[in-house]
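# Residue-level structure breakdown
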Amino acid sequence: MGSLRDPHTDLHSEQGALRGEHPGRAQNPVVKVHDVAWVEFEKPDLERAELFARAFGFTVSLRTADELQLRGTDPGSPCVVIRRGPRSRFVGSAFRATDDRDVLRLAEATGRKAAKLPESLGGISVDLTDPSGFGVRVVSGTHELPPLPGQEPLEFNFGHDVTRVNAGQRAPRDPAKAQRIGHVVLQSTKFREALDWYLEHLGMIVSDFQYFPEQRERGPVMAFLRCDRGSTPADHHTVAMNLGPTNKYVHSAYQVADLDTLAAGGQYLLQHGYQRSWGIGRHIDGSQIFDYWRDPDGFLVEHFTDGDLFDCTLEPGWGVFAVSTLSQWGPPPSKDFLGVKPGRESLSELRAMAGALREDNEFDRHSLRGLLKAAAS
Ligand SMILES: [Fe+2]
């Protein structure tokens, strides 16, 4: 670890690890996945899902009576797979392995069998379940969809630095075309166990840890994990996870070309009656410009642009888990985004809190106190 860069020498984080804290990477992971490939849902109403998907900026790459596959403009596999099911639910995430050998190595290490994926996706997969109960597929050899025309970033006059003369600035009044899936965020009642599982099985490494206010000694309760691609930079987080009273999907995020595309795309969604959850703002961990939306099934999805990319040399930063650390600028986080808006979701979360305190997991009375403090700071 001698070649790792001290996070204090740049602006990535104000704090690094203290002696004895979680190192943020496994010494000898089974494989190192390359990226997230797609997320999978079940939904009863594919027509409604497709309408939202088009307004959000996806392109439909497959539509059958029982399945909807959505893609971005980047080449590769679809980034969302939705199958018709009796109720809306998040099924799991798929990650791209470097090659078939890594899929087979992971299958061998976990006592599972690799299997062919359906012809609509191609390739092979090993299907696992993480400690929180979410599906995790690690895939390779999937069909490569060709690139689609995208939205070009605008040409800016930055202050006195003039590059655009004799031409107007016109942002698109269209859906913000999704380029690719960037990350998925999950909440877990077994955060530490799940964290170590992703580090050991998928070779992911931690970009930033967060701890509850005044509870650093109790260890991290949120982690932003990136893929270890060696000297090739990877998104600041491909998976983010936090400790909470339930195991649940929090959101997934899709990259768009630039701020104007994101803002104009948000306008388009509003005009079509969809509900913004929180945005537009800029995050701290990962630095993305973000805009969060509720899809018609109540799932949170994010448009983002201008995120951080790190190579494998950066060590984890450490910071406080609090509402105030969610963004550098933007409107205050909404009740909807924080999951405290009066309604079905917050009621079931409250009920779950009482249950989680009684059950054998990592969510205890210290976590409850920490969560309340985080909400107020
Ligand atoms: Fe996000």
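Throughout what follows, the structure given in this document is the object of discussion. (Residues numbered from 1 in each chain as written. Predicted model: local features only at pLDDT ≥ 70, side-chain atom pairs only at ≥ 80, totals over all residues. Heavy atoms only, no water.)

### Things to note about the overall build of the chain
Put simply, the rule reads: Only DSSP runs of H or I with at least four residues qualify as helices, and only runs of E with at least two residues qualify as strands; both kinds are numbered from the N terminus onward. In this description the radius of gyration comes from C-alpha coordinates, and the expected globular size is given by 2.2 Å times residues to the power 0.38. Accessibility here uses a 1.4 Å probe with only protein chains present; expressed as a share of the type maximum, an area under 20% marks a residue as buried, one over 50% as exposed, and anything in between as partly exposed.
Counting its secondary structure elements, the chain contains 7 helices and 20 strands. Whereas a compact globule of 377 residues would reach a radius of gyration of roughly 21 Å, the chain reaches 20 Å, a difference of no more than 12%. Overall, the C-alpha framework of the chain stretches about 60 × 50 × 50 Å when taken along its three principal axes. For the chain, the residues scored as buried account for 54% of the 377 residues in total.

### Section: the nonpolar core
Applied cut-off: In this text, buried Ala, Val, Leu, Ile, Met, Phe, Trp, Tyr and Cys residues form a nonpolar core when linked through side-chain atoms within 4.5 Å.
Tyr 198, Met 204, Leu 225 and Tyr 254 are the most contacted members of the largest nonpolar core, which totals 71 residues. Of the residues forming this core, the biggest block, 7 residues, is contributed by helix α3 (residues 191-202). Counting 7 residues, the second-largest nonpolar core is a separate cluster that includes Ala 37, Val 81, Leu 121 and Val 139.

### Some remarks on the pattern of salt bridges
Convention followed: A side-chain nitrogen of Lys or Arg and a carboxyl oxygen of Asp or Glu constitute a salt bridge if their distance falls within 4 Å.
Scanning the entire structure with this criterion turns up 23 salt bridges. With its nearest N and O atoms 3.4 Å apart, the salt bridge here joins Arg 84 to Asp 66. Taken together, the residues span a long stretch of sequence, with Arg 84 in strand β4 (residues 80-84) and Asp 66 in the loop between β2 (59-63) and β3 (67-71) at a distance of 18 residues. On the basis of relative accessible area, Asp 66 is assigned to the partly exposed category, the value being 46%. Note that Arg 294 is salt-bridged to Asp 336, the shortest N-O span being 2.9 Å.

### So, the sheet that holds strand β6 (residues 115-116)
So the rule is basically this: A pair of strands is treated as paired once DSSP finds two or more bridges between them. Two residues form a contact once any of their heavy atoms are found within 4.5 Å. All axes here are fitted lines through C-alpha atoms, helices being fitted over the stretch that makes contact, and every angle between N-to-C directions spans 0 to 180 degrees.
The strand order β2-β3-β4-β1-β5-β8-β7-β6 describes an open sheet built from 8 strands, whose pairing is mixed. Because the sheet does not close on itself, it has two edges, and the strands there are β2 and β6. Relative to β4, strand β1 (residues 35-43) runs parallel, the two sharing 5 bridges. What sits directly across from Phe 41, in β4, is Ile 82. Sitting on the sheet, helix α2 (residues 100-110) is in contact with β7 (124-129) and β8 (135-140), with an inclination near 35 degrees to β7.

### Some details on helix α6 (residues 344-358)
Inclusion rule: In this scheme, a helix's expected span is set at 1.5 Å multiplied by one less than its residue total.
Across its 15 residues, α6 extends 22 Å between first and last C-alpha, which sits within 8% of the 21 Å expected from 1.5 Å per residue. Within the sequence span of α6, burial applies to Ser 346, Glu 349, Ala 352, Met 353, Gly 355 and Ala 356. For α6, the secondary structure elements touched by its buried residues are β9 (180-188), β14 (248-255) and α7 (365-376).

### With respect to the side chain of Asn 242
Along the chain, Asn 242 falls in strand β13 (residues 239-243). Look at Asn 242 and you get buried, because its relative accessible area is 8%.

### Brief notes about the pairing of β2
With 4 bridges connecting them, β2 and β3 associate as antiparallel partners. Note on β3: the bridge partner recorded for Val 60 is Leu 70. The hairpin turn running from β2 into β3, its antiparallel successor, is 3 residues long.

### Here we look at the sheet that holds strand β19 (residues 317-320)
Pairing is mixed in the open sheet, where 10 strands are placed in the order β19-β10-β11-β13-β9-β14-β17-β16-β15-β20. Of all the strands in the sheet, the pair left with one neighbour each is β19 and β20 (327-329). When the angles between neighbouring strand axes are averaged without regard to direction, this sheet yields 25 degrees. Against the sheet, α3 touches β9, β10 (205-211), β11 (222-226) and β13, its axis set at about 160 degrees to β13. On the sheet, helix α4 (residues 259-271) packs against β15 (275-283), β16 (289-294) and β17 (300-305) and is oriented at approximately 20 degrees with respect to β16.

### Quick word on the packing of aromatic side chains
To keep it simple, the criterion reads: We call Phe, Tyr and Trp rings a pair once their centres come within 6.5 Å, taking the six-membered ring for Trp, and we label the pair stacked below 30 degrees between planes, edge-to-face above 60, and tilted otherwise.
The tally for this structure, following the rule as stated, stands at 21 aromatic pairs. A centroid spacing of 5.6 Å and a plane angle of 80 degrees characterise the contact between Phe 212 and Phe 321, whose relative ring orientation is edge-to-face. Highlighted residues: Phe 212 in the loop between β10 and β11 and Phe 321 in the loop between β19 and β20, separated in sequence by 109 residues. Ring-pair connections join several aromatic residues into one group, and the members of that group are Phe 41, Phe 90, Phe 134, Tyr 249 and Phe 299.

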